[in-house]
Structures are given as structure tokens and as C-alpha cells.
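Below, each chain spelled out in residue letters.
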Amino acid sequence: PMVDGGCVAMHQFAQSLFSLPDTEVFHLCISTAKHPFSNKGYERNQSDYNVFDHVPVDTSIQIIDGIKTILKGKSYNLSRFNDQTLVDKINSWIIQYRIDTLLFDSLFAAAILENNTFDLPTYIRAHNIESDLWLQKSKQRSWKSPIYKHLGQTLEKSEFNLLNKVNGVYLFLRTIKK
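What comes next is a walk through the structure. (Residues numbered from 1 in each chain as written. Predicted model: local features only at pLDDT ≥ 70, side-chain atom pairs only at ≥ 80, totals over all residues. Heavy atoms only, no water.)

### Brief notes about the packing of aromatic side chains
Counted according to the given criterion, the structure contains seven aromatic pairs. Measuring from ring centre to ring centre gives 6.0 Å for phenylalanine 13 and tyrosine 170, while their planes differ by 45 degrees; the resulting arrangement is tilted. Taken together, the residues span a long stretch of sequence, with phenylalanine 13 in helix H1 (residues 5-18) and tyrosine 170 in strand E5 (residues 168-171) at a distance of 157 residues. Plain terms: the ring middles of tryptophan 134 and tyrosine 148 are 5.6 Å apart, the flat faces sit at 50 degrees to each other, and that makes the pair tilted. Of this pair, tryptophan 134 sits in helix H5 (residues 130-137) while tyrosine 148 sits in helix H6 (residues 145-165), and the two are 14 residues apart along the sequence. Of the residues examined, tryptophan 134 reaches a relative accessible area of 21% and is grouped as partly exposed. For tyrosine 148, a relative accessible area of 15% gives the class buried. Connected via pairs of aromatic rings, a cluster forms that spans Phe13, Tyr123 and Tyr170. (Phe/Tyr/Trp six-rings, centres within 6.5 Å; stacked < 30°, edge-to-face > 60°. Helix = DSSP H or I, 4+ residues; strand = E, 2+ residues; numbered from the N terminus. Buried < 20%, exposed > 50% of the residue type's maximum accessible area, 1.4 Å probe, protein only.)

This is the structure:
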């Protein structure tokens, strides 16, 4: 669903993929409480996708998991999206549909690459540097500032690690008129 700017960017990117010649688009959506899957969101475009489906992923904040992740020096933001059901679904689609390239439509969708690899060219589409958003939040005067700083720093480390695991990054740049 068009919940926020990220959803709009994902939709626009999918539209650009449909215009490529000899390209089949298989869309696997991560369904979360904030971004629940709905067939309504795809009614107009169902014929554009070769296949589309969703995997529900519980991204709710779990204090114990958060503490464990923080103690390991990992990004809690990304760890919440690292779901084995999603990995299994991708692996089955690779075999079933003979998929030859993977494109993750956000850093969070690509979180599974922290613990998994696929023997295919793999790309990430990014419309911002996620860690910068958290590091900017940490500069606000608040008791949460140290938490935001830690989340931003671990996310930054994970962002670089993920970007080094893929074959490329698709960036969207916006021209700002003065």
C-alpha cells in the first residue's frame, strides 16, 4: 500500500521495470504491520507482474532480540527483516521460475543478505542512506539521542557490508531547483 514515500518510490521503480523489453517481473512483497500486503494495491497492475506474492514478516520491536542484536554489534533495524521464510520463498522462486537476477527494492528487503547468499547477480535499489536518517535524529536533544546514535552507527556498518555483497546499487537522484 502507498503508506509513505518508500512505497511510492517502490511503485515507481516497478513501473520502470515493466517498460524494459524482454523483462519478466516477479514481485515478492514483505508484509509488515506498518506495510501490510493487500491485493487492492495491485489491482491495476496484476497483469504487469508475471507473479506476485507476499511473505508476512513480524518486524515488531522485541526487547530481548534487540538487546542480543545490540550486544553482537549488529543493526537491530535490519535484523527485524531477516526472515527465513522470505529466504525460502526466494530460493523456491529461483528454481521454479528460473530467475536470473535478484533486485531488492530497499535496504530492509535486502537484510536477508547479511546471513544468506544467492548464486545470482544481486542488486539493491536505494533512495536514501538509511543510517543518515538515524544519525540525524541522534543530533536532536532528547533522552533517545544515544539510542538513535547507536542504531545509526550499526545501521551504517550494515549498509556498507550489504552494499559490498551485491553486484550494484540503483540510485534515485532528485534534482532540486533553487
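Having seen the structure, we can now continue with the description.
### Description of helix H4 (residues 84-97)
The first and last C-alpha atoms of H4 sit 20 Å apart over 14 residues, in line with the 20 Å expected at 1.5 Å per residue. When H4 is considered as a whole, its buried residues turn out to be Leu86, Val87, Ile90, Trp93 and Ile94. Down the axis, H4 shows its buried residues gathered within 125 degrees of arc, on one side only. Exposed residues pointing more than 90 degrees away from the buried face of H4 are listed as Ile95 and Gln96. Contacts from the buried residues of H4 go to strand E1 (26-31), strand E2 (51-56) and strand E3 (102-104). Between the side-chain oxygen of the N-cap and the backbone nitrogen of threonine 85 there are 3.0 Å, and the N-cap of H4 in question is aspartate 83. Note on H4: the residue one or two positions beyond its end, arginine 98, has a positive phi of about 50 degrees. (Expected span 1.5 Å × (residues − 1). Arc of directions from axis to C-beta. Contact = heavy atoms within 4.5 Å. Polar contact = N/O pair within 3.5 Å; in protein donor to acceptor, adjacent residues only side chain to side chain.)

### Topic: the packing of H5 against H6
As a packed pair, H5 and H6 sit with axes 7 Å apart at the nearest point and diverge in direction by 165 degrees. Comparing their axes, H6 and H5 come out roughly antiparallel. The two elements H5 and H6 cross, and the hand of that crossing is left-handed. Touching Glu130, Ser131, Trp134, Leu135 and Lys137 of H5 are Ser145, Tyr148, Lys149, Leu151, Gly152, Gln153, Leu155, Glu156 and Glu159, all from H6. Residues that form the contact of H5 with H6 fall into these classes: five nonpolar, four polar and five charged. (Axes fitted to C-alpha atoms, helices over the stretch in contact; angles between N-to-C directions. Parallel < 35°, antiparallel > 145°, perpendicular 65-115°, else oblique. Left-handed = near helix turned anticlockwise from the far one by under 90°. Nonpolar A, V, L, I, M, F, W, Y, C, P; charged D, E, K, R; others polar.)

### Thoughts on a nonpolar patch on the surface
A contiguous nonpolar surface patch, about 360 Å² in accessible area, is contributed by Ile63, Ile67 and Leu71. Along the chain, the position of leucine 71 falls in helix H2 (residues 63-71). You can call leucine 71 exposed: its relative accessible area is 72%. (Patch = residues over 30% accessible without salt bridge, like charges linked within 9 Å, V, L, I, M, F, W, Y side chains within 5 Å. Areas by Shrake-Rupley, 256 points an atom, 1.4 Å probe, with all protein chains shown as cover. Salt bridge = Lys/Arg side-chain N within 4 Å of Asp/Glu carboxyl O.)

### Side note on the pattern of salt bridges
Enumeration over the complete set of coordinates arrives at two salt bridges. Ionic pairing is found between lysine 89 and aspartate 53, a salt bridge with its closest N-O pair at 2.9 Å. Note that lysine 89 is positioned in helix H4 and aspartate 53 in strand E2, a separation of 36 residues in sequence. Here lysine 89 falls in the partly exposed class, since its relative accessible area comes to 24%. Of the charged contacts, one joins arginine 125 and aspartate 105 as a salt bridge, the two residues approaching to 2.2 Å between their closest N and O atoms. Taken together, the positions of arginine 125 in strand E4 (residues 122-126) and aspartate 105 in the loop between E3 and E4 put the pair 20 residues apart, joining distant regions of the chain. Taking the relative accessible area as the measure of exposure, aspartate 105 reaches 15% and is therefore buried.

### Details of the layout of surface pockets
If you add up the space inside the second largest pocket, you get close to 330 Å³. Around the second largest pocket sit 14 residues that line it, and Asp65, Thr69, Ser79, Arg80 and Asn82 are the ones nearest its centre. Considering each element in turn, the lining of the second largest pocket owes the most residues, three residues, to H2. Of the residues belonging to the lining of the second largest pocket, the class tally is one nonpolar, six polar and seven charged. (1 Å grid on protein atoms, 1.4 Å probe; cavity = no way out; pocket = protein on both sides within 12 Å on 5 of 7 lines; lining within 4 Å. Points joined across faces, edges and corners; volume = space filled by probe spheres on them.)

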